[in-house]
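The chain contents come next:
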Amino acid sequence: MQTAGRLSGKIALVTGAASGLGEAISRRYAAEGARVILADIDSAAAQAVAASLGADARHVRLDVTDEQSWLAALEGVKSQEGRLDVLVNNAGITTMGSIESLSVAGFKNMLEIDLVGVFIGCKHAAPLMRPRGGSIINMSSMCGIRAQADLAGYNAAKAGVTLLTKSVALHYAKQGDKIRCNSIHPGAIRTPILDKVMSQVEDPKALLASFEAVHPIGRLGRPEEIAAIAVYLASDESAFATGAEFVVDGGSSL
């Protein structure tokens, strides 16, 4: 595969990289010349993807809810690469449930993975980025902008990611650090996570049809379409973008 080299020489860590959006982003980053660290709690799956990308990719086991796991992963980046240019906080889950039907435990679990994990990553990646600057990319959702009755926990977590991103961006800008932080807000994308969501309901086909109908463009998104935005935000082309919401949702938030 020929590379345009838009990320040539950059060191990138992608969470939730073993499948779905994380895998698509990792593959595109590698194709664009980056050295990619694929981080996932499923170490074997991440290793398999990394192996398919060649010598400029490796994997690391990472539980995004565990601060010590983060510190260990980032220490590995420091010792092997010496710096970090790009962090993609992509790991996440989606659990269906309204304010009445979602359990307190389910709500807390979603916040831990989808929001607290992003917080820890943003907090501890900075020392590796500060000398040269860097780009933090947080995966939010159209559900971080627009509410749905049956996604109470997911709405709360992704809305948190949206404003956390802005807070992080402001902090590093005011500090004078060349660290940018932006959020991506996909619509429904056909990934293994979507399959898990559909498995939670009695009529998966009806749910899938409802997801498709929400998008005026008339279809679900593809992982590579989100990866393209992630390349832009990781590249020097987006040097003036920070604290912004990059909505890629087929018009569903209109």
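Please refer to the structure higher up on the page.
Residues numbered from 1 in each chain as written. Predicted model: local features only at pLDDT ≥ 70, side-chain atom pairs only at ≥ 80, totals over all residues. Heavy atoms only, no water.

Asker: I'd like a rundown of the layout of surface pockets, residues and numbers included.
Answerer: Approximately 950 Å³ is the volume found for the largest pocket. Asn 90, Gly 92, Ile 93, Thr 94 and Ile 193 are the residues nearest the centre of the largest pocket, which is lined by 43 residues in total. Those elements that place two or more of their residues in the lining of the largest pocket are α1 (20-31), β2 (35-40), α4 (104-129), α5 (152-175) and α6 (192-198). When grouped by side-chain class, the residues that make up the lining of the largest pocket number 24 nonpolar, 13 polar and six charged. In this structure, the second largest pocket spans a volume of roughly 340 Å³. Among the secondary structure elements, those contributing two or more residues to the lining of the second largest pocket are β5 (134-139) and β6 (179-186). (1 Å grid on protein atoms, 1.4 Å probe; cavity = no way out; pocket = protein on both sides within 12 Å on 5 of 7 lines; lining within 4 Å. Points joined across faces, edges and corners; volume = space filled by probe spheres on them. Helix = DSSP H or I, 4+ residues; strand = E, 2+ residues; numbered from the N terminus. Nonpolar A, V, L, I, M, F, W, Y, C, P; charged D, E, K, R; others polar.)

Asker: Outline α1, listing residues and values.
Answerer: Side chains that are three or four residues apart share a direction in an α-helix, a result of its 3.6 residues per turn. Its 12 residues give α1 an end-to-end C-alpha distance of 17 Å, which sits within 8% of 16 Å, the value for a rise of 1.5 Å per residue. Those residues of α1 lying buried are Gly 20, Leu 21, Gly 22, Ala 24, Ile 25, Ser 26, Tyr 29 and Ala 31. At the C-terminal side of α1, Gly 33 shows a positive phi close to 100°. (Expected span 1.5 Å × (residues − 1). Buried < 20%, exposed > 50% of the residue type's maximum accessible area, 1.4 Å probe, protein only.)

Asker: Break down the nonpolar core for me, citing the residues and quoting the values.
Answerer: Counting residues in each nonpolar core, the largest one holds 30 residues, and the members touching the most others are Leu 13, Trp 70, Leu 84, Leu 87, Ile 136 and Val 168. Elements with a minimum of two residues in this core: β1 (11-15), β2, α3 (67-80), α4, α5 and β6. With eight residues, α4 is the largest single contributor of residues to this core. With residues up to four places along the chain from it excluded, the contact list for Val 168 reads Cys 122, Ile 136 and Cys 181. The next biggest cluster of nonpolar side chains, apart from the first, holds 26 residues, and it includes Val 88, Ile 226, Ala 227 and Val 231. (Core = buried A, V, L, I, M, F, W, Y, C linked by side-chain atoms within 4.5 Å. Contact = heavy atoms within 4.5 Å.)

Asker: Outline the sheet that holds β2, listing residues and values.
Answerer: One open sheet holds the seven strands; their spatial order is β3-β2-β1-β4-β5-β6-β7, and the pairing between them is parallel. In this open sheet, the two edge strands, each paired with only one partner strand, are β3 (57-61) and β7 (245-248). On average, adjacent strands in this sheet sit at an angle of 20° to one another, irrespective of strand direction. In this sheet, β6 lies alongside β5 in parallel orientation, the contact comprising six bridges. Counterpart to Met 139 in the pairing with β6 is Ile 184. Its contacts with the sheet put helix α2 (residues 43-53) on β2 and β3, and the angle it makes with β3 is roughly 175°. Of the strands in this sheet, β4 (86-89), β5 and β6 touch α4, which is tilted by about 175° from β4. (Pairing = 2+ DSSP bridges. Axes fitted to C-alpha atoms, helices over the stretch in contact; angles between N-to-C directions.)

Asker: Let's hear about the packing of α1 against α2: which residues, and what values?
Answerer: One way to put it is that α1 packs onto α2 with a least axis distance of 10 Å and a crossing angle of 20°. If you check the angle between α1 and α2, you find them roughly parallel. As for the relative orientation of α1 and α2, their crossing is right-handed in sense. Between α1 and α2, the residues in contact are Glu 23, Ser 26, Arg 27 and Ala 30 and Val 49, Ser 52 and Leu 53, respectively. (Parallel < 35°, antiparallel > 145°, perpendicular 65-115°, else oblique. Left-handed = near helix turned anticlockwise from the far one by under 90°.)

Asker: Describe the environment of Val 49, with residues and values.
Answerer: Looking at where Val 49 falls in the secondary structure, it is placed in helix α2. Looking at Val 49, the relative accessible area reads 6%, which means it is buried. Linking Val 49 and Ala 18, residues 31 residues apart in sequence, is a C-alpha distance of 6.4 Å. Look past the residues within four positions of Val 49 in its chain and what remains in contact with it is Ala 17, Ala 18, Glu 23, Arg 27 and Leu 38.

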